[in-house]
Structure formats: C-alpha cells, structure tokens
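Descriptive structure summary
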Amino acid sequence: MLLFADGLFVPHRVADPRTADVLHAAADRAAGPVRPGDLLHAAVGAAAGDAALLPVLSRTLPEGVRPGHLLAGIEVYNPGRAAGDLGVPAFDGRRERFSAEALAALDAFGDEYAKRLEDDPETARRTALELLLACVLENLDEQDREYLTVLDAPATAAALRARVEAAAGPPAPLLDEDSGRLRSEEFAEDAWAVLEQAALHAAALGYDRVLPPHLLLGLLGETEGLTEHLVRLQVPPHLGPVRVAEIVGDAFRLTDRARDTGPLPLDREGLGDPLLELLRSARSQAAGGADDRIAAPHLLGALLERPPARLAAVLQAPPLALDLDLMRVHLGQELREVARPRDTAFRLPPGLPPSQDLTWQAQTEQPPPALHVDHYFDPLNRALHRTTAHHVLITAPPGAGSTTLLRELARRAAAGEIPFLRRKRFLYVDCRDVAPADGGAALSGIIAHVAGRTDVIVCVDGLGALLRGRTDEDHRLVLRGALKERRLHLIGVLPAQDFEDLLARDHALLELAARVELAEPGRAEARDMVAQAAGGLAERFGVTVDERAVDRAVVLSADFIMNERLPAKAVRVLHRACEDLHYRRTQGGSEQEAVGAGDVLRVVAEISGVPAAQISGGGERTDFAKVLAESVVGQPAAIATVAAELRRVKAGLAGPGRPASVMLFAGLTGVGKTELAKTLARFYSASKRLQTYPMENFTEPHSVAGIIGSPPGYVGHDQGGRLINDLNADPYCVFLLDEAEKAHPEVWRPFLNLFDEGWIIDQRGVKAFADRAMFILTTNAGHDVIADLSAAGAPPDRIAAAVRDRLRRERHPRTGQATFPPEFLARLGQIIVFRPLDRAAMGGICRKMLGEQRALWATRFGKDLVVPDALAEHIADLAYGADRAAEGTEGGRVVSRLIGTLVVDPITLAADRDPDAFHAAARVTLSFDPSAEPQVEAVPG
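Residues numbered from 1 in each chain as written. Predicted model: local features only at pLDDT ≥ 70, side-chain atom pairs only at ≥ 80, totals over all residues. Heavy atoms only, no water.

Description of the overall build of the protein
- On a plain count of helices and strands, the protein comes out with 43 helices and 20 strands.
- At 39 Å, the protein has a C-alpha radius of gyration far larger than the 30 Å of a compact globule built from 941 residues.
- The buried share among the 941 residues of the protein stands at 49%.
- Considering only contacts in the protein between residues 6 or more positions apart, those separated by 24 or more positions represent 74%.
- In the form shown here, the protein has an accessible surface area of approximately 42,600 Å², with 52% of it arising from carbon and sulfur atoms.
- When the 105 basic and 131 acidic side-chain charges of the protein are each reduced to a single mean position, those positions are 3 Å apart. (Helix = DSSP H or I, 4+ residues; strand = E, 2+ residues; numbered from the N terminus. Rg over C-alpha atoms; globule rule 2.2 N^0.38 Å. Buried < 20%, exposed > 50% of the residue type's maximum accessible area, 1.4 Å probe, protein only. Contact = heavy atoms within 4.5 Å. Areas by Shrake-Rupley, 256 points an atom, 1.4 Å probe, with all protein chains shown as cover. Lys, Arg positive; Asp, Glu negative; His and termini not counted. Charge placed at Lys NZ, Arg CZ, Asp CG, Glu CD.)

Spelled out as structure tokens, the structure:
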C-alpha cells in the first residue's frame with residue numbers, strides 16, 4: 001500500500017509533485033470521508049492549468065462542456081469543507097477517513113504505480129497524475145455516476161491510460177526506415193498541411209531543404225490558424241499575416257526563380273537537420289500535452305521555444321518587432337483555454353472516385369463492434385504487420401460483408417485494439433463504377449494524392465474495375481510499381497473471378513500482398529448481423545423492427561433473392577421496409593409503428609418478382625417446385641428436376657469455375673419449355689428478364705459473330721459480342737438458347753470453353769464470367785422418341801438417355817456435321833424431358849389462362865368475367881383433341897387460340913351490338929350449351 005504507512009495517509013511517497021498536491025488538496029477538501037468526487041475535484045482543478053491533462057479532458061467531454069463545469073457539478077452534490085468550518089473534524093490521515101470507493105482507487109493506483117516505478121522511474125513519475133485520475137474514474141461512487149452525466153468516465157479513463165502507455169514506450173522514429181519519408185502518422189491533419197505548405201515555400205524561395213523559416217511561413221498560411229491569431233495580437237493593423245509572411249519570405253529568399261520541380265519531398269533528403277530537430281521538440285510538447293500526434297500548435301511551440309537566431313532577429317526587428325516571449329505566453333494560454341479542434345476527415349479531391357475516412361467515422365460515430373468477423377483478423381493483422389509486402393487482397397462476393405470488415409478494422413485500430421495500427425488512417429475508395437477508360441487516371445490520381453503519407457492505408461473496393469483498361473491493356477504495372485516503391489499502402493477488395501482473371505498469374509504482384517478470402521456468412525451469423533443493422537435502421541427512420549421481421553428478411557432474401565448475398569440483401573430488404581413504413585406514416589397518415597413480417601414479405605416480392613402469394617410460405621425448406629408449378633402446368637417431373645437444380649445452385653454447390661447451371665429442355669412445342677425458362681429468369685436473374693437467343697438465326701458458320709462479336713475491321717466490332725455484354729450487364733442472367741438443333745455446329749465452339757471454364761472472350765478481347773449465369777437450351781429433336789416412350793410409361797431417366805442418344809446422332813442439314821458434338825453434349829449438366837400434354841394438363845392450362853383473362857378484365861375494364869366450368873372443360877377437351885390429332889405438335893398454344901374463339905370473340909361481338917349496355921355492365925357472364933355457341937350477358941352494375 002504505497003499511499004499508506006502504518007495505516008496513515010502519506011501522499012509525499014509519490015515522487016511527482018503534481019500528484020502529491022492533488023492528493024493533499026482532496027484530503028483538505030473533504031467535508032467527511034474522502035470520496036472519489038473529492039479526488040476528482042482536485043485532479044480536474046489541477047488539470048485546468050495542466051498542459052498534460054487538459055487536452056485529454058477536452059477531447060472526452062461533450063461539445064461545449066469544459067472542466068469548470070465538472071467542478072461546479074461536484075460542488076452541488078459533494079460540497080467541500082468550508083474555510084474555518086469548526087464543525088468538521090480535522091483530517092488525521094487514517095484509512096477510516098476514506099470511503100470504500102476512494103480506498104479502492106488509491107490502492108489500485110498505488111499497486112500499479114509501484115510496478116511502473118520499478119520498470120521506468122522517470123516515466124512513472126511523469127505520468128503519475130494521469131494514472132491516478134484513471135483509477136479514480138474507474139472507481140466512482142453511486143452519486144458520482146448519478147450526477148456527473150456529462151462525463152464519460154470509461155472513455156476518459158481509457159484515454160488517460162492510453163496516454164500513460166504511450167509515454168511508457170520509446171518514441172517512434174520521425175522518418176520511415178525503409179523509404180526515408182517523414183512518417184505522417186506522427187502528425188495531425190493540420191500539422192501535415194503546414195508541412196506540405198512549408199515544402200512549397202522552400203521550393204519557391206530556391207532552397208533544396210525545408211528549414212524552420214519555411215515552417216513559419218506554412219503556419220502563417222493556416223486559414224484562421226493559431227499562428228495568425230498570435231501575430232495579430234502584436235503587429236500593427238496595417239501589417240497583417242500576409243505582410244508578415246512577405247517580410248519573412250523576402251528575408252530568406254535565395255533566388256527570384258522558384259524551383260521547377262514542385263514542392264520539396266518530405267523525406268530524409270528534403271528535410272534539413274534544423275527542422276528535424278524542431279519536429280522532435282514538437283513531439284515532446286505533444287507528449288507532454290497527452291497528444292499522440294503533433295498538431296500545428298506544437299509546431300509553433302517548438303519554433304518559439306528555440307527559434308533559429310536569424311529568424312528570431314527578423315521577427316524581433318522592425319517593422320515586425322514581435323515579442324517572442326509574449327507569444328509563448330499567449331500560446332500557453334490558448335492551449336489551456338481552448339481545446340484543440342477535432343481531427344478532420346481525409347478524403348480524395350473531386351474528380352477521383354468517392355472516398356470515406358473510415359478512421360474518422362469510427363472516432364466520431366463510435367459504431368458497435370461488427371459480429372462474426374473475428375476469425376478474419378489474425379491473417380489480416382499478420383499481413384498488415386509485415387515490414388515488407390504488407391498489402392492485402394480481400395476476395396469476396398458482393399454483399400458478403402467486405403465493407404463491414406473494413407469498417408471494423410478501422411474501428412479496432414482507432415480504439416487501440418490493434419496497437420500497431422493505432423495511428424493509421426483507413427481511407428475507403430469506391431472504385432466499383434470506374435469505367436475501363438478511366439481506370440488508369442483514377443489509379444494514378446489516388447497514388448499521387450496519398451504518396452508520401454505513411455499513415456494512410458487505402459482500401460480500394462472494386463480493385464478489378466480500377467485495374468481494367470481498354471482492350472488488351474490493364475494497369476497492373478502501375479499498381480505494382482506503387483506498391484514496390486511504398487507510395488501506396490493497399491487493401492484491395494475484388495471478386496474471386498477478378499482475382500483469377502487479373503492477378504492470379506502476376507506472381508510479382510502477389511509477392512507483395514497476402515490474400516484473405518471472405519465467405520458469405522451462414523444464416524445464423526447473418527441473422528445476428530442483420531439484427532444489429534436493424535437497430536440503426538429503426539433509429540434512422542423512427543420506427544421499430546420486429547424480431548420476426550429480421551428473421552423473415554434473412555430467410556426470404558436467402559431463398560428468393562438469389563442474385564445477391566447475405567447479409568447485404570437482408571439488410572436491403574429491411575431498409576426498404578423501413579423506408580416504406582416511414583413513407584406511409586409521414587405521407588399517408590398510417591399509425592403503424594413497427595416493421596413486421598408482412599412488410600418484409602411485400603418487399604421481397606417486389607425485389608424478386610415472385611408474387612407474395614407464392615413466397616408467403618417461404619422458409620428454411622422453400623418448395624421451389626410449388627413456386628415453379630404456379631406458371632407451368634402438366635410437367636411435374638421436369639419441374640421437380642429444375643427445382644432440385646435451383647436448390648443446388650442456391651446452396652452454392654455448382655461446380656467451381658463453371659456456369660451455375662446448364663440444362664437442355666427437350667420436348668414438343670407448346671409443352672412449357674419456354675414458360676419454365678421465363679419463370680426461372682423472373683426468380684433468379686437480377687434483371688428479371690430472360691435473354692433469348694433464337695438459334696435459328698445462327699445457321700451459318702459466320703453467324704457466330706452474333707455471339708462473340710465481329711472480327712476487327714468489320715462493322716460493329718467496337719460493340720463487342722452480345723453474350724459477353726449480357727453477362728457483364730447481369731452476371732445472374734438466365735439465357736435461353738431456343739431451338740438449339742437449328743444452329744450451325746461452329747456456333748457451339750465458344751460455348752465449349754464457356755460451359756467448361758466459365759468464361760468467354762469476345763473479338764475485342766473483353767472477358768466475361770458465367771459462373772453465376774444459367775443456360776437453358778431447348779430442342780424439338782427426339783420428340784417422337786419422347787412421345788413413344790412416354791406413351792409406354794418409361795421413366796424420365798430412360799427417356800433422357802434416349803434423347804441424348806438422338807441428339808448425338810442429329811446432323812446439320814447443310815453440312816452433314818454432328819449438330820451437337822460429343823464434347824458439347826458432355827458439358828450439358830441436365831437433359832430435362834417435357835412429356836406430351838395429357839387431358840389433365842390441358843385442363844390446368846385452360847384454367848390458368850382463363851384466370852389471366854379474368855384478371856385482365858378486372859384491372860383494365862373494371863368488370864367481372866364469369867366463365868362457366870362447363871365451357872372451360874369443353875375448351876380443354878377440344879385442345880386435347882387437337883393436340884392428339886396433330887401428334888403433339890400443337891401443345892398448350894392451342895388453348896390460347898380456343899379461348900380467343902370461344903370466350904373473347906363472343907364478348908367482342910356482344911359489345912359491338914350493344915355498346916351502351918356493355919359499357920354500363922359490372923359483370924360479363926358467358927352461358928354455355930355444347931350444342932350452340934356461347935352466349936354473353938352483360939349484367940348492369
């Protein structure tokens with residue numbers, strides 16, 4: 001017990017006079033037992049005149065709150081001993097005269113101070129008061145915590161301990177050992193801006209080194225800076241800071257011609273020894289003021305402390321006649337009375353890709369820790385800690401949380417949880433929308449803006465877009481050079497396919513960086529992440545978000561928004577649901593308070609294009625077959641196979657480096673092949689559109705140009721290949737290669753590599769990946785085999801094998817070549833057989849199309865359309881008969897024609913005969929007699 005000897009209080013055992021004075025003042029103040037509030041009052045009172053403690057308190061107190069406000073607050077609930085108060089017994093120093101909380105604080109301080117005193121006596125004495133105040137803040141009593149609401153005690157204690165730890169370690173070098181550059185992480189933004197201006201002034205005055213006079217010119221150039229303010233206090237009104245700068249510049253000018261090399265470099269070659277010594281002095285002043293970075297006032301303080309003789313003479317001589325001692329006094333007053341401005345965000349200038357200072361955001365917004373990312377930090381931190389090759393490449397699918405990982409990295413670094421990154425600044429640059437033609441300029445601009453800054457780690461999201469150039473060129477050499485020369489410290493984020501395409505074979509570049517692979521989180525982890533995001537959304541939009549809504553957002557987005565990744569797509573769903581509720585409340589007068597599962601369902605239906613009625617039962621085991629069967633009738637086996645394929649794709653089990661799926665739909669016309677492909681596109685594709693390629697348009701060898709573009713020198717070469725453009729526009733596209741048997745065999749050659757390797761290149765050299773796309777080929781070849789085996793009741797796998805054999809023997813009518821070469825057929829993942837439509841299927845198609853007619857009449861004309869079941873069954877009978885008579889070649893299309901003849905045409909004729917009655921009718925009813933034409937009755941509303 002350092003502070004107690006034989007049970008008596010002995011403050012002088014602390015060798016630091018500041019701390020001993022605070023302990024004495026607290027004992028003298030106490031009107032009863034010494035409490036933490038008495039110790040805090042004494043320490044804060046000392047801080048008001050202490051250059052070390054004042055900045056720490058100023059940074060952790062809310063805007064506008066000063067240390068004096070804390071003192072006033074303590075006086076209210078814990079008034080001290082009044083002078084001459086005879087009713088209060090004299091303090092005798094016994095432990096019994098201290099509250100339990102005060103004793104806990106003093107004992108904790110004593111134990112820790114004693115250990116530090118053994119390790120480093122000088123540092124322990126210099127930081128004793130900061131350590132004491134930290135221990136007091138960690139042991140406040142109930143009244144302190146209740147009334148001192150303006151004081152964030154944990155944050156202040158943490159800042160004080162950080163100050164103690166920083167003082168305990170050796171000072172970091174000012175110059176980077178490898179590059180020789182001035183380490184910008186040692187400087188606040190205002191100080192670094194002053195140094196950059198000093199380098200400009202040195203070059204303009206003809207110097208090859210930056211010296212203290214140039215630093216003064218940089219300080220004078222600060223807009224409304226502290227140096228300008230102190231100068232104005234002394235010089236006559238007609239001698240403003242601009243004129244002072246002119247006088248100093250003229251006194252130190254070497255030549256009338258500025259150096260034409262631009263500003264001098266802030267490195268070992270460009271900085272003079274006198275300036276380096278001044279910077280070391282400024283760092284000592286910053287450490288004494290509990291600042292871990294050198295700020296502009298510290299530069300001025302160091303300059304005034306030991307100004308070069310010639311510079312002092314210029315400043316003290318007429319016409320300036322500055323009193324440097326008085327300036328030092330004024331500077332001390334300013335530092336004690338005015339908290340140093342908060343750090344500012346560092347961003348790229350206009351004209352470059354948009355950027356965000358993640359470190360500044362972490363410091364000002366104080367976001368909560370990110371969830372389920374801890375396992376990424378060991379490889380990430382190890383890579384960043386390396387002295388060479390300390391760059392990182394994060395490969396991640398879009399939406400899987402790469403931005404969250406970067407924000408969490410910045411948060412941990414700013415909070416001191418990653419000590420070696422504590423002074424680094426993480427700059428996020430969004431390059432995902434950079435066009436190939438602009439990539440080189442954007443990359444060069446980013447490098448130029450951060451070159452020389454050793455504190456900035458540039459986090460480039462969309463590195464692949466930044467590296468891609470025009471045809472047959474890229475910008476890897478520019479990037480590699482910047483990394484080698486340490487002009488850029490990089491964390492690059494890009495999809496895995498961009499990594500494989502652009503960087504996997506560049507061994508020289510990969511030696512400079514470590515790869516960290518980020519995977520899409522599982523549903524349980526995603527649920528926690530989305531729940532955390534839901535709290536921020538609720539606060540932002542002034543609503544509440546039900547837990548059930550969070551659950552459904554994760555489950556339904558995972559099942560029905562297949563072209564995005566968790567957790568981003570679930571957060572997107574909740575964001576839109578909150579926006580919609582906010583709109584209904586503010587613009588529509590809704591009284592709904594919370595976002596519920598129904599709101600999430602509506603948003604998922606809107607984004608996915610799948611009707612809400614179809615996904616209302618969506619859950620952990622979504623019935624894809626049921627969803628698909630809503631659109632396609634009479635093909636249960638085909639639908640079951642496609643649903644299984646969809647589940648496999650959704651589960652991420654598609655073969656690596658290949659398309660998500662390649663299927664061949666075989667069957668007669670009109671049996672639902674195209675309709676199923678359209679439904680799948682609405683469900684899977686980001687654009688909700690089926691990209692249809694009628695292969696009857698590719699019957700000549702040269703028609704492959706319609707797929708991969710025209711050769712160089714031909715018209716349309718600059719437009720590229722349609723397939724490549726479609727893939728790059730929508731990587732989740734669903735392609736329908738319709739009537740595949742009609743294409744020339746040469747047309748299938750580009751698809752061999754596409755279906756095997758998952759990528760394709762057009763005639764311009766532009767590359768596209770198909771690892772998320774689905775390809776559906778349709779064919780009528782083998783329809784007779786399908787009809788015969790279906791009639792015989794053969795199982796689907798036997799029919800598929802027979803169709804594959806027929807396709808193998810199919811010949812192109814002009815060339816006699818195999819239409820589908822064996823190597824092409826081997827790349828088809830599934831051959832799905834569509835059987836001829838039976839009577840039940842015709843009935844289902846008829847009911848579906850009549851339902852569409854009823855919906856059309858209700859929405860377009862506002863009338864109920866009533867079609868009797870007998871008429872529907874009659875149409876189905878006629879359709880089935882017509883299809884049988886045509887040997888299955890009519891298909892479901894005959895139903896549409898019959899509905900036109902037996903439903904639409906009679907209504908149209910009736911409307912022409914009596915337009916007024918028809919216009920006034922609320923309901924249109926058809927009556928049916930098999931022996932006569934259908935009759936129409938218009939029922940008035």
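What follows continues from the structure just given.
Comments concerning the environment of Arg145
- Within the fold, Arg145 resides in helix α8 (residues 142-147).
- Arg145 gets classed as exposed once you look at its relative accessible area, which sits at 55%.
- Taking the C-alpha atoms as reference, Arg145 lies 72 Å from Leu777; in sequence the two are 632 residues apart.

Here's the deal with the nonpolar core
- Grouped together as the largest cluster of nonpolar side chains are 85 residues, with contacts concentrated most on Leu574, Tyr684, Ile875, Val895 and Val903.
- Per-element tally for this core: the top contributor is helix α42 (residues 893-913), with 8 residues.
- What Val895 contacts, discounting residues up to four positions off in sequence, is Met842, Ile845, Cys846, Met849, Ile875 and Ala879.
- In this structure, Leu175, Leu182, Phe187 and Trp192 belong to the second largest nonpolar core, which totals 53 residues. (Core = buried A, V, L, I, M, F, W, Y, C linked by side-chain atoms within 4.5 Å.)

So, the sheet that holds strand β4 (residues 391-395)
- Read from one edge to the other, the open sheet built from 6 strands follows the order β3-β5-β6-β7-β4-β8, with strand pairing classed as mixed. Here the strands that pair on one side only, and so sit at the sheet edges, are β3 (355-357) and β8 (513-517). When strand polarity is set aside, the average angle formed by the axes of neighbouring strands in this sheet is 20°.
- For β4 and strand β7 (residues 490-494), the ladder comprises 4 bridges, and the chain directions are parallel. The residue of β7 that forms the bridge with Val392 is Ile491.
- Here helix α20 (residues 402-414) sits on the sheet and contacts β3, β4, β5 (425-430), β6 (456-461) and β7; the angle it forms with β5, its principal contact strand, is near 160°. (Pairing = 2+ DSSP bridges. Axes fitted to C-alpha atoms, helices over the stretch in contact; angles between N-to-C directions.)

A short note on the sheet that holds strand β17 (residues 830-833)
- Read across the open sheet, the 5 strands follow the order β12-β13-β16-β11-β17; overall the sheet is parallel. Edge positions in the open sheet fall to β12 (690-694) and β17, since each of these has one partner strand only. Pairwise comparison of adjacent strand axes, ignoring direction, gives a mean angle of 20° for this sheet.
- Two elements, β12 and strand β13 (residues 734-738), share 5 bridges in a ladder whose sense is parallel. What sits directly across from Thr692, in β13, is Leu736.

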